[in-house]
Amino acid sequence: PAPAGKSYLVMSNVIAAAKTTGAQAIHPGYGFLSENAEFARACADNDLVWIGPAPECIERMGDKSRARDTMKACGVPTVPGSDGTIESVEEARAFAESVGWPVLIKASAGGGGKGMREVHDPADLEAQFTAAKTEAQAAFGNDDVYLEKLVLRPRHVEIQVLADTFGNFAALCERDCSIQRRHQKLLEEAPSPALDEVTRTSMCEAARRAVEAVGYRSAGTIEFLLDSDNKFYFMEMNTRVQVEHPVTEQITGVDIIKEQLRIAAGEPMRCASRAPFLPNGHAIEFRINAEDPDNDFRPSPGTITRFEAPTGPGVRIETYLTQGAKISPYYDSMVAKLIVWGSDREEALQRARRALDEFAVEGIPTTISFHKRVLDTAIFQAGEARTDFIDIAF
Ligand code: MV4
């Protein structure tokens, strides 16, 4: 059946499909069960290779409070925060008074912004503490929360890592994913316009410590907050490949999915001898979503009446769309990715403009028109977008 809860999220069905088709391994992609430790174990129990990290690593990073403590213990910078979870408003207040306001209440089981509450005024603490716990309970069935000092107007910068079973490790530079709307990334670029070489090297070293601390094997991402003084802090680790991995592939020449397959097959990763990586040129990914940017980004499923994608040097398209395709209302609204590469950011921006202008998708509204408006802003052109960009510019 179409609903994911009756198909792609039913572990026994996915395992049965693998068995029926004679598959030897399962690549979980980046949605559905991709960060589900129980499913990783179910694969192993059914003699299927899980193309991803050990289930223990998924669990350890899935608990955001525990992940934070693990990172702190191995010397990865973290935002000043509570050690472990906070049980009461009094405890929260004592912590906030010690690190200073404003603070951010976060759900341990969270990620992606759910169960997260900013507190700027001490008078709001009790209400926000209760609201965060209620939201976390409803979303995750777990109301554990912890506190951090709020980093104002940060950038989201993340390091792509690969590690294999032979002890090889590579940090494939960073991606800047600061341009988000309601915790959904809209476009990503690599390298970050904000990162100098010293900070990059230091961030890659922090990513290595994170990987070694948990014995991580496979592709993964360490997310950092970067503040206005170019200080960075661990935010979360994603124990899967991400939507935006192509920008990293474009600036490093590494096929990340192929490396995942090699690592899962017990082979050494191919790019090991090329570390440490320096970014070659500049890449930007635009997420083309079946959403109406003029209508609060409401999903716009329907039939594609015309589909013509741009081509040419430095243009890469990832999609399942063709003319006549029907976009289902049951799944995620991302239907294509446009990735442009240039020898520098200026050339990437020029190619982006040309490719977005040539990209013809008719029958439904998409985010293509919105991306053109982003390209027109002085803030984005200058590489100065922070996580508040959408609120400021639109
Ligand atoms: C923060 C923060 C500021 N200070 N933590 C967003 C989702 C989750 N991954 C953590 N997030 C944040 N954590 C501290 N101590 C700001 C955010 C945040 C954010 C981070 C990255 C990209 C977009 C964001 C939008 C709003 C808030």
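Residues numbered from 1 in each chain as written. Predicted model: local features only at pLDDT ≥ 70, side-chain atom pairs only at ≥ 80, totals over all residues. Heavy atoms only, no water.

Enquirer: Is there a simple way to explain the overall build of the protein in this structure?
Expert: Within the protein, the regular secondary structure consists of 13 helices and 21 strands. Relative to a compact globule of 394 residues, whose C-alpha radius of gyration would be 21 Å, the protein shows 21 Å and is just as compact. Seen through its principal axes, the protein has C-alpha atoms that stretch 60 × 55 × 45 Å. The buried share of the protein, taken over its 394 residues, is 52%. Distance between charge centres in the protein, computed from 43 positive and 58 negative side chains, equals 3 Å. (Helix = DSSP H or I, 4+ residues; strand = E, 2+ residues; numbered from the N terminus. Rg over C-alpha atoms; globule rule 2.2 N^0.38 Å. Buried < 20%, exposed > 50% of the residue type's maximum accessible area, 1.4 Å probe, protein only. Lys, Arg positive; Asp, Glu negative; His and termini not counted. Charge placed at Lys NZ, Arg CZ, Asp CG, Glu CD.)

Enquirer: So what exactly am I meant to see when it comes to the site of the ligand here?
Expert: In the region of the ligand, 16 residues are neighbours, and K106, E148, K149, V151 and E236 sit closest. Between a nitrogen atom of the ligand and a side-chain N or O atom of E236, the distance comes to 2.8 Å. For the ligand, whose accessible area on its own is 530 Å², the fraction buried by protein is 88%. Listing elements by their share of the shell around the ligand, those giving two or more residues are β3 (103-107), β5 (145-149) and β12 (232-238). Among the residues forming the shell around the ligand, the class breakdown is 7 nonpolar, 5 polar and 4 charged. (Near = heavy atom within 4 Å. Polar contact = N/O pair within 3.5 Å; in protein donor to acceptor, adjacent residues only side chain to side chain. Areas by Shrake-Rupley, 256 points an atom, 1.4 Å probe, with all protein chains shown as cover. Nonpolar A, V, L, I, M, F, W, Y, C, P; charged D, E, K, R; others polar.)

Enquirer: Could you clarify how one ought to interpret the pairing of strand β11 (residues 218-226) in this entry?
Expert: Strand residues, when the strand is regular, have side chains that alternate between the two faces of the sheet. A large share of β11 lies buried, amounting to 9 of its 9 residues. Pairing geometry for strand β6 (residues 155-163) and β11, over 9 bridges, is antiparallel. Across the sheet, L162 pairs through a bridge with A219, a residue of β11. Between β11 and β12, which pair antiparallel and follow one another directly, the connecting turn spans 5 residues, one of which, N230, has a positive phi of 60°. (Pairing = 2+ DSSP bridges.)

Enquirer: Please clarify how the side chain of E259 should be interpreted in this entry.
Expert: Considering the arrangement of structural elements, one finds E259 in helix α9 (residues 256-264). A polar atom in the side chain of E259 sits 2.7 Å from the backbone nitrogen of R270. Polar contacts involving the side chain of E259 include one to the main-chain amide nitrogen of C271, which spans 2.8 Å. In contact with E259, other than residues within four places in its own chain, are L162, V254, M269, R270 and C271. (Contact = heavy atoms within 4.5 Å.)

Enquirer: In this structure, what is going on with the packing of aromatic side chains? I would like to understand it.
Expert: Geometry of an aromatic ring pair is reported as the spacing of the ring centres plus the angle between the planes. According to the stated counting rule, one finds 10 aromatic pairs in the structure shown. Their ring planes at 85° and their centres at 6.5 Å tell us that F32 and Y331 sit as a pair that is edge-to-face. Of the two residues, F32 sits in the loop between β1 (25-26) and α2 (37-45) while Y331 sits in the loop between β19 (326-327) and β20 (334-342), which places them 299 residues apart along the sequence. Between F307 and F359, the aromatic rings sit 5.8 Å apart at their centres with planes inclined by 75°, giving edge-to-face as the arrangement. Note that F307 is positioned in strand β17 (residues 306-308) and F359 in the loop between α10 (345-358) and β21 (360-362), a separation of 52 residues in sequence. Among the residues examined, F359 registers a relative accessible area of 6% and is labelled buried. Members of the aromatic cluster, connected to one another through ring pairs, are Y8, F32, Y330 and Y331. (Phe/Tyr/Trp six-rings, centres within 6.5 Å; stacked < 30°, edge-to-face > 60°.)

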